[in-house]
Amino acid sequence: MARPRGREGADGVSEVQAAVRGHGATNDIPASLLAPPARPWWWWLTSDRAARYTARLAFLVVWQWAGSTFQDIPTPLGTLEFLREEFARGEVFRNVGISLFRAVIGLSLVLVLGIAIGIAMARWWRVRFFLTDLILVGITLPAFIWALLVVMWWGFSNIGPITVCVVSATPQLVVNTFQGATATPGKLLAMSDAYRVGTRRQFRWLVIPSMMEYIAAGFRSAVLAGWGAVLLVEWFGNDKGVGFRAHYWYDAHSFEGMMGWGLVMMVIILAFDRIVMDRVVRHFRSWRIGGQQWSR
Amino acid sequence: MARLVARDVKKVFPPTRQGQDPVFALRDVSFQAEGHTFVTLVGPSGCGKSTFLNMVSGIDTPSAGTLEVFGRTEGDAKIGYVFQDPRLLPWKTVLDNMVYVLDEGSTDEREARGRRFLDLVNLGSTADMYPGQLSGGMQQRVGIARALSIEPDLLLMDEPFSHLDAITARDLRVELQRLWLDTASTILFVTHDVLEAVLLSSRVLMMSSRGVIFRDLTIDLPFPRRQTDKEVAIHQAEILELFEEMERPKVDA
């Protein structure tokens, strides 16, 4: 005989069962489970957002203190003042425009070349072995060597920055595209062959989408490398552009000038990454996110 | 409906390294299947069943022998393939996955056709979802709908229910019988599950682990069949006995 698990009440229902039934009704659930927990006023100080803002504030305070204590360190207020003057002189827009023009041309070439070479290396093993060492050279040879070389070859021109942007950023995209192309699921390719799906549709519906995440990730690092390369060439040998302007203030021994242009470089790359690349990556991941939402 | 003719089909996977032996996946497979019939290749894992299906579908080619598939009309026979795993494009919606394999007609016509066959497996409402949002059983049904949507002369099925839980698999077997009775397809089914073979097939080809067909049986029971039918259990026992008999000399040796 089963062991009784509770005293039987008058209606023959044991107390344990009655308690279980009671929990099924919504009005019996304690209010503390239905409402968000009460939080003290200082709760936001312990949040992740507070940690980020605290770090930024602390950084600014330390920076201002260091700048006003040591002569060789620029202060945040001094840097802002410098930037305001530089804006007023019209230097910011002019030089940023020129650098962006070079970066856009260079990175467009990187996009075309990187994807084409990456796919070719995955598709034909002869191409792969022919190019492996060259890609290795592209990845390992420091950008400043290229920068000095192009200055010696072409002097002050647009060709130099664009060339270095291409040679130092393309390998990054090639490597990622190659990985993406070899990661195309073989089982889906076999399925497509079994259904006699045409080559063009296989490419557009299967091969390219399966590579898109890799290409987006590769282009993200290519943008960083390419932008850095443009600035480097402008620094070493050019009479226009963000890098040139930073060098100009370096020659003038202006710490605020160096720091101010450093900030401009940072803002541009961050803006591009957050506004453009983030969206591109999210777009190509949307099918995954859809799946995750469902399973959550 | 299709006519499938296999004559002395052999498949050898050559050694990839020095000192390795070639692998004989199929030693000698010959049979014919024709008309509205459900033929099942049943045998232990690694006996070459899936390799045979891949060769019929054209993904792979035989090392020797001939393999011919004739459709209802002149030209290439239409062959649908349901794999062990659903093999859907994860970044495309369910409907796009249907449209992917269809090549006749305008986009609208292909979408309408895709929807019609999704309705056939009761998944019309999932057309705009991504495969990742569906359960394993639902994904496999999309795979079946996709195979049926090309109105195949020959439908190949490679252990399509082996990855599913027992209840889902049982329901899908019932559904598959209904779909087959409604269509004019010839089905070539592969499984290592003897009960599944008896339940679904009008003909069972038993394969040994050596890669040969050693028995060709007709299952003469009315459709639709149920797993709980006594006759099904009797046939299942008989086939299992034949497998034991075939393996006995090897065990004794």
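Residues numbered from 1 in each chain as written. Chains lettered and ligands numbered in written order. Predicted model: local features only at pLDDT ≥ 70, side-chain atom pairs only at ≥ 80, totals over all residues.

**Q** For the packing of helix α6 (residues 125-140) of chain A against helix α8 (residues 159-182) of chain A, give the residues involved together with the corresponding values.
**A** All names here are of chain A. Where α6 meets α8, the closest approach of the two axes is 8 Å, and the angle between their N-to-C directions is 125°. Classified by the interaxial angle, the pair formed by α6 and α8 is oblique. Between α6 and α8 lies a crossing of left-handed hand. Along the contact surface, α6 presents Ile135, Gly138 and Ile139, while α8 presents Val167, Ser168, Thr170, Pro171, Val174 and Val175. The residue inventory of the contact of α6 with α8, partitioned by class, reads 6 nonpolar, 3 polar and no charged. (Axes fitted to C-alpha atoms, helices over the stretch in contact; angles between N-to-C directions. Helix = DSSP H or I, 4+ residues; strand = E, 2+ residues; numbered from the N terminus. Parallel < 35°, antiparallel > 145°, perpendicular 65-115°, else oblique. Left-handed = near helix turned anticlockwise from the far one by under 90°. Contact = placed C-beta atoms within 7 Å. Nonpolar A, V, L, I, M, F, W, Y, C, P; charged D, E, K, R; others polar.)

**Q** Describe the sheet that holds strand β9 (residues 213-218) of chain B, and please don't skip the residues or the numbers.
**A** All names here are of chain B. Taken in spatial order, the 6 strands line up as β5-β6-β7-β3-β8-β9 in an open sheet, and their pairing is mixed. Since the sheet does not close on itself, it has two edges, and those belong to β5 (79-82) and β9, each with one partner. For this sheet, the mean inter-axis angle between neighbouring strands, taken without regard to orientation, is 15°. Pairing of β5 with strand β6 (residues 154-158) involves 4 bridges; the strand directions are parallel. Bridge pairing in β6 places Gly80 opposite Leu155. (Pairing = 2+ DSSP bridges.)

**Q** Pulling in residues and values, what's your account of the interface of chain A and chain B?
**A** The interface of chain A with chain B comprises 15 residues on the first partner and 16 residues on the second. Where the side of chain A that touches chain B is concerned, the elements lending two or more residues are α9 (186-194), α10 (199-237) and α13 (286-295) of chain A. A total of 6 residues in the side of chain A that touches chain B trace back to one element, the largest contributor, which is α9 of chain A. Partitioning the side of chain A that touches chain B into residue classes produces 11 nonpolar, 2 polar and 2 charged.

**Q** Residue-level account of the packing of helix α3 (residues 107-120) of chain B against helix α4 (residues 136-149) of chain B, with values.
**A** All names here are of chain B. Where α3 contacts α4, the axes come no closer than 9 Å and their chain directions differ by 130°. Regarding the angle of α3 to α4, the classification is oblique. In the crossing of α3 with α4, the sense of the turn from one axis to the other is right-handed. Taking contact as the criterion, the partners of Arg113, Gly114, Phe117, Leu118 and Leu120 in α3 are, on α4, Ala145, Leu148 and Ser149.

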